[in-house]
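# Examination of the molecular architecture
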Amino acid sequence: MVFKIMQERYGYEMVLLEGYRSPERQNALAGNSHITRAKGFQSYHQFGLAADIAFKRNGKVVISERDPWAMQGYRLYGTVAESVGLTWGGRWTSIQDYGHSEYRMPGLKKTAEMAEQLTAESQLSAHHINAAFD
């Protein structure tokens, strides 16, 4: 929905850089505090509830906070993401992650078991959706 609104209302084509992220990859990224401080199972990525995005301009992916066009896109993205109930990383105070949004599921316990359950359920749902179109 967010991608559609961004395209139709503001003319920004978006690309998904990363959704689900394994706990091993999360731990590797956590080694660089400029990227993230969250370790495995501390990030909504391990639960399939977070997304990192970028924009496409003239067929090329643009990931830059120094590019005024991209920065305007990130601000619009934040507004749109929040309007559909997502938390936008651009509002964080410890580290600002303009291309990140997440769904903070009420009552979510950030455990390996919960991550496994949610990602298994999403794979099952995707399989059913794909089967319906075959």
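Heads up: the structure comes first, above all this text.
Residues numbered from 1 in each chain as written. Predicted model: local features only at pLDDT ≥ 70, side-chain atom pairs only at ≥ 80, totals over all residues. Heavy atoms only, no water.

## A look at the overall build of the protein chain
Along its length, the protein chain carries 4 helices and 5 strands. Across the protein chain, helices and strands are ordered from the amino to the carboxyl terminus as α-β-α-β-β-α-β-β-α. Taken over the C-alpha trace, the protein chain has a radius of gyration of 16 Å; the compact-globule value for 134 residues is 14 Å, and the two agree within 12%. The principal-axis extent of the C-alpha atoms belonging to the protein chain is close to 45 × 40 × 25 Å. The buried share of the protein chain, taken over its 134 residues, is 39%. A separation of at least 24 residues holds for 54% of the contacts in the protein chain among residues at least 6 apart in sequence. Total accessible area on the protein chain is roughly 8,500 Å²; 52% of this is exposed by carbon and sulfur atoms. Charge centroids of the protein chain, computed over 15 positive and 14 negative side chains, lie 8 Å from each other. (Helix = DSSP H or I, 4+ residues; strand = E, 2+ residues; numbered from the N terminus. Rg over C-alpha atoms; globule rule 2.2 N^0.38 Å. Buried < 20%, exposed > 50% of the residue type's maximum accessible area, 1.4 Å probe, protein only. Contact = heavy atoms within 4.5 Å. Areas by Shrake-Rupley, 256 points an atom, 1.4 Å probe, with all protein chains shown as cover. Lys, Arg positive; Asp, Glu negative; His and termini not counted. Charge placed at Lys NZ, Arg CZ, Asp CG, Glu CD.)

## What to know about the layout of surface pockets
Where empty space is left becomes clear once a probe the size of a water molecule has been rolled over the atoms. Each pocket or cavity is described by its volume, and for the largest pocket that value is around 730 Å³. Only strand 1 (13-18), helix 2 (23-30), strand 2 (50-57) and strand 5 (100-102) provide two or more residues apiece to the lining of the largest pocket. Examining the composition of the lining of the largest pocket, we find that 3 residues originate from one element, helix 2, more than from any other. For the lining of the largest pocket, the residue count by class is 11 nonpolar, 11 polar and 10 charged. (1 Å grid on protein atoms, 1.4 Å probe; cavity = no way out; pocket = protein on both sides within 12 Å on 5 of 7 lines; lining within 4 Å. Points joined across faces, edges and corners; volume = space filled by probe spheres on them. Nonpolar A, V, L, I, M, F, W, Y, C, P; charged D, E, K, R; others polar.)

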